[in-house]
Amino acid sequence: MLERLYGTRNIATGSAGVQDKEKALLSLIVQKLNDLFTGDLSDNDQLSYAMAVKGKLLDNEVLLNQAANNKKEQFSTSPTLTKAVLAAIMDAFETHAEMSKQALESQVVQDGLKDALLGPGQLYEALRARAA
């Protein structure tokens, strides 16, 4: 799924060049978002939000067809894209609100989320790397 969001599915993972390119792209996204959003938002907050919206857009079959059949300039001016972005923003809001509600109301969900973050999410390792 991360490959789908970041668009790196055809690139071999683990190489320094790929990681550097991904970091540079993510940094550019954060720079653009810093100019848009206000308030006490971390870079991770902004990036997570952008990737959630992107994920919703990647599921849109009409956009998939338009991207396959048009140049980027044509695609970027599509009224369908404008409407899809708004719909993706609303869907991301509803999805995150629903997931947060479930997590707040269920110790099982909280424990499962913690396990997922500590296991495959490598939260501990990421925190250790940041602390170093």
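Since the model is a prediction, treat every value here as computed from it, not as a measurement. (Residues numbered from 1 in each chain as written. Predicted model: local features only at pLDDT ≥ 70, side-chain atom pairs only at ≥ 80, totals over all residues. Heavy atoms only, no water.)

## Considering the overall build of the protein chain
A count of helices and strands for the protein chain gives 8 helices and 0 strands. Of all 132 residues assigned to the protein chain, the portion counted as buried reaches 16%. Counting only contacts in the protein chain whose residues sit at least 6 apart along the sequence, the fraction spanning at least 24 positions is 40%. When the accessible area of the protein chain is evaluated, it comes to approximately 10,400 Å², of which 58% is carbon and sulfur surface. (Helix = DSSP H or I, 4+ residues; strand = E, 2+ residues; numbered from the N terminus. Buried < 20%, exposed > 50% of the residue type's maximum accessible area, 1.4 Å probe, protein only. Contact = heavy atoms within 4.5 Å. Areas by Shrake-Rupley, 256 points an atom, 1.4 Å probe, with all protein chains shown as cover.)

## So, the nonpolar core
The biggest cluster of nonpolar side chains holds 6 residues, and these are Leu-26, Val-30, Leu-33, Leu-47, Ala-50 and Met-51. Those elements that place two or more of their residues in this core are helix H2 (16-34) and helix H3 (43-58). Contact partners of Ala-50, with chain neighbours within four places excluded, come to Ile-29 and Leu-33. (Core = buried A, V, L, I, M, F, W, Y, C linked by side-chain atoms within 4.5 Å.)

## A word on unusual backbone geometry
Of all residues except glycine, most have a negative phi; of all peptide bonds, most are trans. The phi dihedral of Gln-122 is positive, around 50°, even though this residue is not glycine. By secondary structure assignment, the location of Gln-122 is in the loop between helix H7 (107-118) and helix H8 (123-131).

## A short note on the side chain of Ser-78
Secondary-structure assignment places Ser-78 in the loop between helix H5 (72-76) and helix H6 (79-105). Here the side chain of Ser-78 touches Thr-80 through a polar contact of 3.1 Å, landing on its backbone nitrogen. (Polar contact = N/O pair within 3.5 Å; in protein donor to acceptor, adjacent residues only side chain to side chain.)

## Let's talk about the packing of H6 against H7
The N-to-C vectors of H6 and H7 enclose an angle of 110°; their axes lie 5 Å apart at closest approach. Taken together, the axes of H6 and H7 are roughly perpendicular relative to one another. In contact with Gln-102, Ala-103, Leu-104 and Glu-105 of H6, H7 contributes Gln-107, Val-109 and Gln-110. Each residue belonging to the contact of H6 with H7 can be placed in one class, and the counts come to 3 nonpolar, 3 polar and 1 charged. (Axes fitted to C-alpha atoms, helices over the stretch in contact; angles between N-to-C directions. Parallel < 35°, antiparallel > 145°, perpendicular 65-115°, else oblique. Nonpolar A, V, L, I, M, F, W, Y, C, P; charged D, E, K, R; others polar.)

## As for the pattern of salt bridges
Evaluated as defined, the whole model comprises 1 salt bridge. For Glu-105, the salt bridge goes to Lys-101, with nearest N and O atoms at 3.6 Å. Here Lys-101 and Glu-105 lie together in helix H6, a separation of 4 residues that amounts to about one turn. (Salt bridge = Lys/Arg side-chain N within 4 Å of Asp/Glu carboxyl O.)

## Side note on the side chain of Gln-46
Looking at the secondary structure, you find Gln-46 in helix H3. Residue classification places Gln-46 among the buried residues on the basis of a relative accessible area of 5%. Within polar-contact distance, the side chain of Gln-46 engages the side chain of Asn-34 at 2.9 Å. Those residues in contact with Gln-46 that sit more than four places away from it in its chain are Val-30, Leu-33, Asn-34, Phe-37 and Leu-41.

## Focus: a nonpolar patch on the surface
Judged by side-chain polarity, Leu-36, Phe-37, Leu-41, Tyr-49, Leu-86, Ile-89 and Met-90 come together as a nonpolar surface patch covering roughly 630 Å² of accessible area. Broken down by element, the nonpolar patch gets its largest block of residues, 3 residues, from H6. Checked against the element boundaries, Tyr-49 lands in helix H3. Residue Tyr-49 is classed as partly exposed on the basis of its relative accessible area of 31%. (Patch = residues over 30% accessible without salt bridge, like charges linked within 9 Å, V, L, I, M, F, W, Y side chains within 5 Å.)

## Observations regarding the packing of H2 against H3
Packing of H2 against H3 leaves a shortest axis separation of 9 Å and a crossing angle of 100°. In terms of their interaxial angle, H2 and H3 are classed as roughly perpendicular. Residues Leu-26, Ile-29, Val-30, Leu-33 and Asn-34 of H2 lie in contact with H3, whose contacting residues are Asp-43, Gln-46, Leu-47, Ala-50 and Met-51. When the residues that make up the contact of H2 with H3 are grouped by side-chain class, the tally is 7 nonpolar, 2 polar and 1 charged.

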